[in-house]
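Breakdown of the fold
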Amino acid sequence: MLWVSIIFIIFTATNALELSGALKLFTPNDVILSAAADNIVRKLEREYMNYLETGVETPTFKYLTMQLESSRDDTNKYVKDIHKLKTADEFFVCVVCRAMVGVIIRTFRDEENDLNGPKGDVMAKKIALDACLRLKVQTEEVCEGLFDGHWPMLRHLIEDTPVDANTICSFYIQFTFCNVADHPNYDFNLELDDADQPPIIASKSERKKKTSNDLHILHLTDIHHDPLYEPESLAECDEPLCCQRHKSLAVGTSKAAGYWGDYRECDLPWHTIDQAFTHIRHAHTNIDYIFQTGDVIDHMIWSTSIAKNKAVYERVTNRLYELFPEVPIYPCIGNHETHPLNLFSPTYAPDNVNTRWLYEFLYNLWSKWLPPDAKETVLRGGYYTVLVRPGYRVISLNNNDCYTDNWWLFYNGTDMKTQLMWLYENLLAAEKANEYVHILAHIPSGDDTCWNVWSREFNRLISRFRETISGIFNGHSHADEMHVHYTSGGYAIGLSFNGGALTPWTYKNPNYRIYHVEPTTMQVVDHETWIFNLTAANIAGASQNPRWFKEYIFSEEFTDNLSPAGIDKLLDEMADNPHLLQKFWRFKMISSDPRLKKGCNRSCLVKTICRLAVTVNDQRRRCEELKARLIKAMDTSFE
């Protein structure tokens, strides 16, 4: 009875109070907040349907939309990842997603609804644009571009599956208060041949030393070339990507885009990318392999096209081939590579929404360094394996299979099992052949934008093949970081390395990584990060190339034990010493001037330590252990 009374009070409060005020009372994990969201969704969906049918905006409709719009942080828009949103913004995203997707689904599925039929496409666009503009989610240009690109696939999903708005939004967003019960269509377990495997009773601690015989691997990621970048154009705009237009409004002001790039919502011009590649070619003459872990295309997400994406990707790839003609380059696919953005279809999708064009295009570029038998899997789904030399294998995944923005996963959630089973079979073969494996994947396992079920099963593979897998290499987060993989018993059994990003979007310095790799086990024994300071480079302007420098060497700043056990121990040290964690955060943010000026407070440090220790987003035991130690240490250190 107590819960019923509390929920009734919340329902009443959300009718009488501003949403932003009500949200201050709760945490994102509170079931009361979930109940309040459900209530508002039902009302907003009902009011929107009434508005569409009658054209009349009732006082309740005006009130709900006005309060929703005012409840969120207007600076978020598209430049913040889901896991970085504040509670009010999480609430906004959850409610609007459920209500608007619900309205569109009813429009197409309710046979008695006057809105469906031959005018359905026009009506769907009207609904989407009205909500986008009314709630000030984005500009009309962005709203319309995103709808036009994504609607054909979304309509296919609505018409051909029974998926509902709650399921779509809860899996897409993955906020605790926005989730619904697990759905069997979106859950699976890999069938692994691990019955004879001995139990894991300790963290993986094999440790190799750095020597002069080590191999060197260049890691480039998140290049994000913007072919429309224009120095001195407006760097503060209303769209997700700036530094392209309105030069007359910006020249001579602080809002003007820098020559070499800009810390704000801007990607890289060609001359910066070309200079970066040229610098690497001359500064590092001992590179043995290159990993390129995705996202070559820019953040102009509302205006992609097949032709534009192909031109940008080909220009970047061909320049790497020109500068490093004898160095094998192993790429993987980022979420920005396709058109429409983020959508990677299964093979059986209709031609008008199929991703086959991308896989065919990429294979023609990638085949320079791939064996003939890689063609089948690249064309099937954009993934491949290659025996680089005896004893060393690279497996490159298209793990947009786990990306919550890839709406094709709602069509058949278990489709993501296919590539993971392929990975299992190749790891099993590598184990039998005594090969060591590096895995490339764009999205880090455990990221809030990666489905929990995919991360869980991927982590099982890491555990099963912990002696075969020597390293995992990711991108996507635009942060110079790492992640420790744990067993269910809490033992560290694998490491994922993230190479930051070449693009400065948002508020980072351009960077790349060099790994020092022991040539037998292919274990990473050290890594170094190279950057240039964007502020200094733009002050010098076109008259002088950026001054690249070695920002740090991991072994000199933290530890020379890069085994999973060694890094797990380092996490304990960071939790006990907030100043050490602060240093890690500084390098994670690539020492950018705006980030250092803002600093990292207590909440930021807690998030930093937890992100290091989470590779399955709903398995956070190690995170909670470290968090408790860190809070205790901060209470002592920062008194």
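Residues numbered from 1 in each chain as written. Predicted model: local features only at pLDDT ≥ 70, side-chain atom pairs only at ≥ 80, totals over all residues. Heavy atoms only, no water.

Definition in use: UniProt positions are given in the numbering used here, feature names are shortened, and annotations may be inferred rather than shown by experiment.
An unreviewed UniProt entry lists the chain under the name Sphingomyelin phosphodiesterase, with Glossina brevipalpis given as the organism. The record in UniProt for the chain states the following under Subcellular location (unreviewed entry): "Secreted". A UniProt comment under Sequence similarities (unreviewed entry) is attached to the chain, and it reads "Belongs to the acid sphingomyelinase family."

**Considering the state of the cysteines**
By definition, a disulfide links the sulfur atoms of two cysteine residues through a covalent bond. Rules: A pair of sulfur atoms, both from cysteines and within 2.5 Å, is called a disulfide here. Only DSSP runs of H or I with at least four residues qualify as helices, and only runs of E with at least two residues qualify as strands; both kinds are numbered from the N terminus onward. Summary of the burial criterion: residues with accessible area below 20% of their type's maximum are buried, those above 50% are exposed, and those between are partly exposed, where the area comes from a 1.4 Å probe applied to protein chains only.
On inspection of all chains with the given rule, the structure shows six disulfides. One disulfide in the model links cysteine 132 with cysteine 143; its S-S distance is 1.9 Å. Sign of the S-S torsion, about -70° for the bond between cysteine 132 and cysteine 143, identifies this disulfide as left-handed. In this pair, cysteine 132 is assigned in helix H6 (residues 120-134) and cysteine 143 in helix H7 (residues 140-160), connecting sequence segments 11 residues apart. Taken individually, cysteine 132 and cysteine 143 each receive the classification buried, so the pair is uniform in this respect. The residue that forms a disulfide with cysteine 600 is cysteine 604, at a sulfur-sulfur distance of 1.9 Å. Across the S-S bond of cysteine 600 and cysteine 604 the torsion is about -100°, and the bridge reads as left-handed. A residue is classified by how much of its surface remains accessible, and cysteine 600, at 9% relative accessible area, is buried.

**As for helix H12 (residues 356-366)**
Burial runs high along H12: eight of the 11 residues are buried. Taken as a whole, H12 has its buried residues at Trp357, Leu358, Tyr359, Phe361, Leu362, Tyr363, Leu365 and Trp366.

**Details of the nonpolar core**
Rules: Among buried residues, those of type Ala, Val, Leu, Ile, Met, Phe, Trp, Tyr and Cys that are joined through side-chain atoms within 4.5 Å constitute a nonpolar core. Working rule for contacts: check all heavy atoms of both residues, and any pair within 4.5 Å makes them a contact.
Phe277, Tyr330, Trp366, Phe558 and Met574 are the most contacted members of the largest nonpolar core, which totals 95 residues. Per-element accounting of this core gives the leading share, eight residues, to H12. If we ignore the near neighbours within four places in the chain, the residues touching tyrosine 330 are Tyr289, Ile290, Phe291, Gln292, Trp369, Leu370, Tyr384, Val386, Val388, Val394 and Leu440. Residues Trp151, Ala349, Leu461 and Ile493 belong to the second largest nonpolar core, which totals 81 residues.

**Remarks on the pairing of strand E8 (residues 480-486)**
Operational definition: In this description, strands pair whenever DSSP reports at least two bridges between them.
Among the seven residues that make up E8, seven are buried, leaving the element largely enclosed by the rest of the structure. Sheet topology note: the E8/strand E9 (residues 492-499) ladder contains seven bridges and is antiparallel. Looking across to E9, one finds that histidine 485 is bridged to glycine 494. Turn length for the E8-E9 hairpin, with the two strands adjacent in sequence and antiparallel, is five residues, and the turn residue glycine 490 shows positive phi of about 95°.

**Considerations on the pattern of salt bridges**
The condition is simple: Salt bridge, as used here, is a side-chain nitrogen of Lys or Arg placed within 4 Å of a carboxyl oxygen of Asp or Glu.
Enumeration according to the criterion identifies 36 salt bridges in this entry. Note that lysine 588 is salt-bridged to glutamate 481, the shortest N-O span being 3.5 Å. With a gap of 107 residues between them, lysine 588 in helix H19 (residues 578-588) and glutamate 481 in strand E8 connect regions that are remote in the sequence. Each member of the pair, lysine 588 as well as glutamate 481, is classed as buried. For arginine 602, the salt bridge is made with aspartate 635, and the minimal N-O distance between the two is 3.0 Å. With arginine 602 in helix H21 (residues 602-612) and aspartate 635 in helix H22 (residues 621-637), the pair connects residues that are 33 residues apart, well separated along the chain. Look at aspartate 635 and you get partly exposed, because its relative accessible area is 38%. Members of the salt-bridge network, linked through shared partners, are Asp568, Asp572, Asp576, Arg622, Glu625 and Arg629.

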